[in-house]
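Summary of structural features
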Amino acid sequence: ITAQPASAGVGTTASATFSVAATVLPSYATLSYQWYENDGGGFDAISGATGTSVVIANTDASKDGYEYRVVVSTPDVSVTSGIATMSVS
């Protein structure tokens, strides 16, 4: 992982975007991504969130403090990013 997801502050009903950058050697290897959300009860996969970024739309105050991370994988290895936190005001 060459750039970790950054925490984001958003207003209610806004959208928050979390992104990651990664490289792999050899360069022909394929990277896959799976984003996870922690609502306080542990990290769960976000359905369909399999790209370099994830958009959390229509945020509300109940999502204040939610955490996000991504697992970047090749067929041989997986790496988990740092945690980014969403602040909703």
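Right, let's walk through the structure included here. Predicted model, so just to flag it, every value in this text is computed and none were measured.

1. Regarding the packing of aromatic side chains
Overall, the coordinates contain one aromatic pair when judged by the stated rule. Taking 4.7 Å as the distance between ring centres and 20° as the angle between the ring planes, the aromatic pair formed by Phe18 and Tyr68 counts as stacked. Separated by 50 residues along the polypeptide, Phe18 in strand E2 (residues 16-19) and Tyr68 in strand E6 (residues 67-73) bring together distant segments of the chain. A residue is classified by how much of its surface remains accessible, and Phe18, at 0% relative accessible area, is buried. According to the relative accessible area criterion, Tyr68 is buried, its value standing at 0%.

2. Some thoughts on unusual backbone geometry
Residues other than glycine seldom take positive phi values, yet Thr13 does so here, at roughly 65°. Structurally, Thr13 can be placed in the loop between strand E1 (8-10) and E2. At Asn58, a position not held by glycine, the phi torsion is positive, near 50°. Within the secondary structure, Asn58 sits in the loop between strand E5 (53-56) and E6. Given the relative accessible area of 58%, Asn58 is considered exposed.

3. Concerning the pairing of E6
Counting buried positions along E6 gives five out of seven residues, so the element sits mostly inside the fold. As judged from the two bridges shared by E6 and strand E8 (residues 84-88), these two strands associate in the antiparallel manner. Along E8, the bridge assignment pairs Glu67 with Thr85. Judged from the three bridges that link them, E6 and strand E7 (residues 78-80) form a sheet pairing that is antiparallel.

4. With respect to a nonpolar patch on the surface
Residues Ile1, Val77 and Val79 make up a contiguous nonpolar surface patch of about 220 Å² in total accessible area. Assessed through its relative accessible area of 48%, Val77 is described here as partly exposed.

About the criteria used
Residues numbered from 1 in each chain as written. Predicted model: local features only at pLDDT ≥ 70, side-chain atom pairs only at ≥ 80, totals over all residues. Heavy atoms only, no water. Phe/Tyr/Trp six-rings, centres within 6.5 Å; stacked < 30°, edge-to-face > 60°. Helix = DSSP H or I, 4+ residues; strand = E, 2+ residues; numbered from the N terminus. Buried < 20%, exposed > 50% of the residue type's maximum accessible area, 1.4 Å probe, protein only. Pairing = 2+ DSSP bridges. Patch = residues over 30% accessible without salt bridge, like charges linked within 9 Å, V, L, I, M, F, W, Y side chains within 5 Å. Areas by Shrake-Rupley, 256 points an atom, 1.4 Å probe, with all protein chains shown as cover. Salt bridge = Lys/Arg side-chain N within 4 Å of Asp/Glu carboxyl O.

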